[in-house]
Amino acid sequence: MQPGDLDLSKMTLEDLFRAKEERRKRLASLPFEEKIEIVKKLQDLSRALAPIRKANTERVASKQSKDSHQG
Amino acid sequence: MERVIQVINRMQTDGIIENYAIGGGIAAVYYLEPYHTDDLDVFIPISAVAFGDAGLLSLEPIYSYLKSLGYDAVKEGVLIEDWLVQFIPTFESVQDEALQHTRTITYDQTETRIFSPEYLAAELLRSGRPKDLVRVMALIESGKMDMNSFRDIIKRHGLTEKWTTFARRFDVEA
């Protein structure tokens, strides 16, 4: 499938699952070295998101604490 | 990663560990699609581990050796060339046997050993965390496992109950 062929309005759930499975197979068939490069990028992304995740967790905890005191 | 493998191979050459194999998430990435995993699990024979007077386990010989190469212990592992490497002594029989049935692979120009898919799946099933079970399912679906061999491993290492529960839950032929 070419990027231009993609018409989301005509896609079924089956199409989505099939595309996902094809993507999984394509990624699984990559050389190990390329897969590790992807893992490293995911690690970098996770590290970059860590402060945001921490801030969100603290914000939610703070809100829950306030709510429980008020409730 | 190649440099990490070279360091671990050097540990073996220098007699710090007599054998090793990569398991866990990175071994799963070898067989499956890449996904996020934080560390590199290196399974080592229990003989590489020192026991203190109180009988407590210590990875001190490994950590000292790596420290001498400039790699420091952090959290539950050692940071080697930007990879958190966890050395896991094979306390479980399935892990111990997995070390005897590894696959030799080449990463760039360097050889290393990883768990076979059957032993990897058995160890993940034993571990049993939700993310481990997802990988067991993915390994089965990948078609890269010899299911007869896997079932034999399961039977010999007391994992039948876990396997039966898994098979029922995920609608897999036990």
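For the structure, see preceding data.
Peer 1: Describe in detail the packing of helix α5 (residues 117-127) of chain B against helix α6 (residues 130-142) of chain B, supporting the description with residues and values.
Peer 2: All names here are of chain B. Contact geometry for α5 and α6: axes closest at 8 Å, N-to-C directions at 150°. Classed by the angle they form, the pair α5 and α6 counts as roughly antiparallel. The way α5 lies across α6 gives a crossing that is left-handed. For the pair α5 and α6, contact is made by P117, L120, A121, L124, L125 and S127 and by D132, R135, V136 and L139, respectively. When the residues that make up the contact of α5 with α6 are grouped by side-chain class, the tally is 7 nonpolar, 1 polar and 2 charged.

Peer 1: Now, about the pairing of strand β9 (residues 110-115) of chain B: what can you tell me, with residues and values included?
Peer 2: Residue and element names in this part refer to chain B. Pairing geometry for strand β8 (residues 102-107) and β9, over 6 bridges, is antiparallel. Note on β9: the bridge partner recorded for R103 is I114. Counting the residues in the hairpin turn of β8 and β9 gives 2 residues, including D108, whose phi is positive at 55°.

Peer 1: Provide a residue-level description of the interface of chain B and chain A, including the pertinent values.
Peer 2: The interface of chain B with chain A comprises 13 residues on the first partner and 12 residues on the second. When residues of the side of chain B that touches chain A are traced back to their parent elements, those giving at least two are α2 (24-31) and β8 of chain B.

Peer 1: I'd love a proper account of helix α4 (residues 93-100) of chain B, names of residues and values included.
Peer 2: All names here are of chain B. Considered for burial, the residues of α4 that qualify are V94, Q95 and A98. Along the axis of α4, the buried residues cluster in a sector spanning 100°; they form a single face. Packing partners of the buried residues in α4 comprise β1 (21-23), β2 (39-44), β9, α5 and α7 (147-156).

What counts, and where the lines are drawn
Residues numbered from 1 in each chain as written. Chains lettered and ligands numbered in written order. Predicted model: local features only at pLDDT ≥ 70, side-chain atom pairs only at ≥ 80, totals over all residues. Axes fitted to C-alpha atoms, helices over the stretch in contact; angles between N-to-C directions. Helix = DSSP H or I, 4+ residues; strand = E, 2+ residues; numbered from the N terminus. Parallel < 35°, antiparallel > 145°, perpendicular 65-115°, else oblique. Left-handed = near helix turned anticlockwise from the far one by under 90°. Contact = placed C-beta atoms within 7 Å. Nonpolar A, V, L, I, M, F, W, Y, C, P; charged D, E, K, R; others polar. Pairing = 2+ DSSP bridges. Buried ≥ 20, exposed ≤ 12 C-beta atoms within 10 Å, placed from the backbone. Arc of directions from axis to C-beta.

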